[in-house]
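What follows is the residue order along each chain.
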Amino acid sequence: QVELVESGGGLVQAGGSLRLSCAASGSIIDINEMGWYRQAPGNHRELVASVFSSERKTYGEYVKGRSTITRDNSKNTVYLQMNSLKPEDRAVYYCEFRCRTEQGWSTWNEYWGQGIKVNVSS
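Conventions and cut-offs
- Residues numbered from 1 in each chain as written.
- Predicted model: local features only at pLDDT ≥ 70, side-chain atom pairs only at ≥ 80, totals over all residues.
- Heavy atoms only, no water.
- Phe/Tyr/Trp six-rings, centres within 6.5 Å; stacked < 30°, edge-to-face > 60°.
- Lys NZ or Arg CZ within 6 Å of the ring centre and 35° of its normal.
- 1 Å grid on protein atoms, 1.4 Å probe; cavity = no way out; pocket = protein on both sides within 12 Å on 5 of 7 lines; lining within 4 Å.
- Points joined across faces, edges and corners; volume = space filled by probe spheres on them.
- Nonpolar A, V, L, I, M, F, W, Y, C, P; charged D, E, K, R; others polar.
- Pairing = 2+ DSSP bridges.
- Helix = DSSP H or I, 4+ residues; strand = E, 2+ residues; numbered from the N terminus.
- Disulfide = S-S within 2.5 Å.
- Buried < 20%, exposed > 50% of the residue type's maximum accessible area, 1.4 Å probe, protein only.

Below, the discussion takes up the packing of aromatic side chains. Enumeration over the complete set of coordinates arrives at 1 aromatic pair. Of note, Arg45 hangs over the ring of Trp112, and the distance from its end group to the ring centre comes to 4.7 Å. Above the ring of Trp108, the side-chain terminus of Arg100 is found at 5.5 Å from the ring centroid.

For the largest pocket, the calculated volume is near 180 Å³. In this structure, the largest pocket is lined by 13 residues; those nearest its centre are Arg38, Glu46, Tyr62, Glu88 and Asp89. Along the lines of polarity and charge, the residues of the lining of the largest pocket split into 3 nonpolar, 3 polar and 7 charged.

Pairing analysis gives 5 bridges linking strand E1 (residues 3–7) to strand E3 (residues 18–25), with the strands arranged antiparallel. Note that in E3 the partner of Glu6 across the bridge is Cys22. Pairing between E3 and strand E8 (residues 77–82): 6 bridges, direction antiparallel. Bridge pairing in E8 places Leu18 opposite Met82.

Our next topic: the state of the cysteines. Scanning the model with the defined rule gives 1 disulfide in all. Shown here is the disulfide that connects Cys22 with Cys95, its sulfur atoms set 2.1 Å apart. Measuring the twist about the S-S bond at about -90°, one finds the Cys22-Cys95 disulfide to be left-handed. Highlighted residues: Cys22 in strand E3 and Cys95 in strand E9 (residues 91–101), separated in sequence by 73 residues. Owing to a relative accessible area of 0%, Cys22 belongs among the buried residues under this scheme.

Taking every second residue as pointing to the same face, the buried face of strand E11 (residues 116–121) carries Ile116, Val118 and Val120, while none of Lys117, Asn119 and Ser121 on the other face is buried. In terms of strand pairing, strand E2 (residues 10–13) meets E11 through 4 bridges, oriented parallel. The residue of E11 that forms the bridge with Val12 is Val120. With 3 bridges joining them, E9 and E11 adopt antiparallel strand pairing. The residue bridging Tyr93 from the neighbouring strand is Ile116, located in E11.

Structure follows, in structure tokens:
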């Protein structure tokens, strides 16, 4: 099994910045994609940013230009730098990996972190 542990969330004033980190542990063979999603109360989960093994990156339209996703494959870690935060960015942010493991090497599987809260005050 793969475990994802997020860190770096908390409370920040509007206009401030946060850097989220997510480290994966387990018998990972290779990684197809790493990403960040968020979900506010009453809303659907939406894409924040993702990066694929091809190094292609995508960003959600609401955070494009304010967020940057990076990865460190040697540490199985993905980062999300968020700048110019707005109250609308308040949500639980979830780390997501798509990878293969020794236990399930024949298929790609998706794994999720438990989520980390980001709160933005006015």
